Amino acid sequence: MTHNYYELLYAFHINRHNYRKAGTVMFEYGMRLGREVRTRHGLQKQVNCYLAAMNCLRLIRPDYAWIVQPASGGVYERPGTSPKRSHDGESAAGPVSRQIEILELKDLEKEYTLARSRLTLAQHDPAAAAIAGSASAVEMVALLVQAGLYDSALSLCQTFQLPLNSVFEGLAFKCIKLQYNGEAGQNEAWNWLAANQLSSVITTKEYSATDEAWRLLSSYLDSYPSQNAQYHRCVINKLLSHGVPLPDWLVNGYKAVDAAGLLRLYLNFDLLEPAVELVLEYVDALLGKGHQYFGIERPLSATAPLVWLPYVSIDQLLQALHENQANTNNSRLYNKLQESLAHYYTIVEQATIRRQKSA
């Protein structure tokens, strides 16, 4: 009968209520499994080891909830070896040093999350177990995105404080492929869509996998807000770079936070007509028509807070329209934009005079 000495030693320390040593044994067992047994069973065992190690540290007072783990790549002395000679009798280069790393509960939780994501990928695709077994957090995010396991990828990014851009770009690209590949990838798409937790999965004939993928993207953008809506921006940039029309919900969500950023994206891709429509809507919003759709609390007035326009981007838009006035539509858009701006400047001048008089 073969004994697992890690488990025996763990049971021995648990019996003696030495939870730190028990946690150390389980953590080292998990590390060894990650190096030597890169199979689905090995990954499952590694996850269990890290979970046991975490539970041990949780039984200790927070000030003492840590273990000592030799750093990988360290050089260690063997009992009975000469301090001056190596194993073949040659003079040793210098004293052997010992590298020590202190691991706290939060470090074990990171390793557990990484191991759990590896196991999730292996369960979804058994052939990926060997690759996932040695993958770093950054590499695992890429593998999870490729497999369509976006929930796990987002959780891993948050645990290791990695940017979420690659996850949103990967899902946006999946949406593009589904939209333009017809029925070819619909059945396969349902498999990875089911692996991600949506509030409710709709599987009717009228509701396709493509619709569900867009809904998943929308729910992620709502669930993971970012500064200046950078995830909206990276998704829109991905769609425009592939010539895909932007969904209304995506445009509305981005312009409510950063209308100027949306205008710059339109200009980068020479989308002059949508850019003009955006500026016209924004000017109307500043004057009180639909201001709530742009996140403007109070429209322009003598007593309202100061408002602004992205003048540099608007000047670039006017220049692009002016240079292409041979196109009848561009000429019409140019005149329409000039009229709207002239009206806006008049209102601004009147509000400024009233503000100065009331000061």
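The structure under discussion appears in the preceding block.
Hey, could you go over the overall build of the protein chain for me, with residue numbers and the actual values?
Looking only at helices and strands, the protein chain has 15 helices and two strands in total. Burial statistics for the protein chain: of 359 residues in total, 40% are counted as buried. Counting every atom, the protein chain has about 20800 Å² of accessible surface; 51% of that belongs to carbon and sulfur.

Tell me about empty space enclosed by the protein, and name the residues and values.
For the coordinates displayed, the defined rule picks out one cavity of 30 Å³ or more. Of the voids in this model, the largest cavity is the one considered here, and its volume is about 40 Å³. Elements with a minimum of two residues in the lining of the largest cavity: helix 12 (248-268) and helix 13 (272-286). Considering only residue class, the lining of the largest cavity consists of eight nonpolar, no polar and no charged.

Could you give an account of the side chain of Asp 258, naming the residues involved and the relevant values?
The topology assignment puts Asp 258 in helix 12. Of the side chains bearing the opposite charge, Arg 233 lies closest to the buried Asp 258, which forms no salt bridge; the N-O distance is 4.0 Å.

Summarise helix 13; cite the residues concerned and give the values.
Think of an α-helix as turning once every 3.6 residues; residues three or four places apart then point the same way. Helix length check: helix 13, at 15 residues, gives a terminal C-alpha distance of 21 Å against a target of 21 Å (1.5 Å per residue), a fit within 8%. Taken together, the buried positions of helix 13 are occupied by Leu 272, Ala 275, Val 276, Leu 278, Val 279, Leu 280, Tyr 282, Val 283, Ala 285 and Leu 286. Tucked into the core, helix 13 has its buried residues touching helix 12, helix 14 (311-323) and helix 15 (328-358). Immediately beyond the C-terminal end of helix 13, within one or two residues, lies Gly 288, with a positive phi of roughly 110°.

Please provide a residue-by-residue account of the environment of Leu 300, values included.
As for its placement among the helices and strands, Leu 300 is situated in the loop between helix 13 and helix 14. Taking C-alpha positions, Leu 300 is 8.3 Å from Ile 347, a pair spaced 47 residues apart along the chain. Leave out the neighbours within four places in its chain, and Leu 300 touches Leu 286, Leu 287, Val 307, Tyr 344, Ile 347, Val 348 and Ala 351.

Outline helix 2 (residues 19-36), listing residues and values.
In a regular helix each residue adds 1.5 Å, so 18 residues correspond to 26 Å; helix 2 covers 26 Å between its end C-alpha atoms and thus fits that length. For helix 2, every residue scored as buried is listed here: Ala 22, Gly 23, Thr 24, Val 25, Met 26, Phe 27, Tyr 29, Gly 30, Leu 33 and Gly 34.

What counts as what
Per chain, residues are indexed from 1 in the order of the written sequence. Local features in this predicted model are restricted to residues of pLDDT 70 or higher, and side-chain atom pairs are both shown and tallied only at a pLDDT of 80 or more, whereas totals for entire chains, interfaces and linings draw on every residue. Only hydrogens and water are removed before side-chain values are computed, so all heavy atoms of the structure are retained for them. In DSSP terms, a helix is any run of H or I states spanning at least four residues, a strand is any run of E spanning at least two, and both are numbered starting from the N terminus. Accessibility here uses a 1.4 Å probe with only protein chains present; expressed as a share of the type maximum, an area under 20% marks a residue as buried, one over 50% as exposed, and anything in between as partly exposed. Per-residue and other accessible areas follow the Shrake-Rupley method at a 1.4 Å probe size, with only the shown protein chains counted as cover for residues. Of the grid points, spaced at 1 Å and generated over the protein atoms alone, those admitting a 1.4 Å probe that cannot get out make up cavities, while open sets with protein on both sides within 12 Å along at least five of seven lines make up pockets; any residue with an atom within 4 Å of a point is treated as lining. Grid points are joined across faces, edges and corners, and a volume is the space filled by probe spheres set on the points. Only Asp, Glu, Lys and Arg are considered charged, only Ala, Val, Leu, Ile, Met, Phe, Trp, Tyr, Cys and Pro nonpolar, and every remaining residue, Gly among them, polar. Asp and Glu count as negative and Lys and Arg as positive, but His and the ends of the chain are not part of the count. Any Lys or Arg side-chain nitrogen located within 4 Å of an Asp or Glu carboxyl oxygen qualifies as a salt bridge. Helices are assigned an expected span. That span is 1.5 Å times one less than the residue count. Only heavy atoms enter the contact rule, under which two residues are in contact if any of them lie within 4.5 Å.

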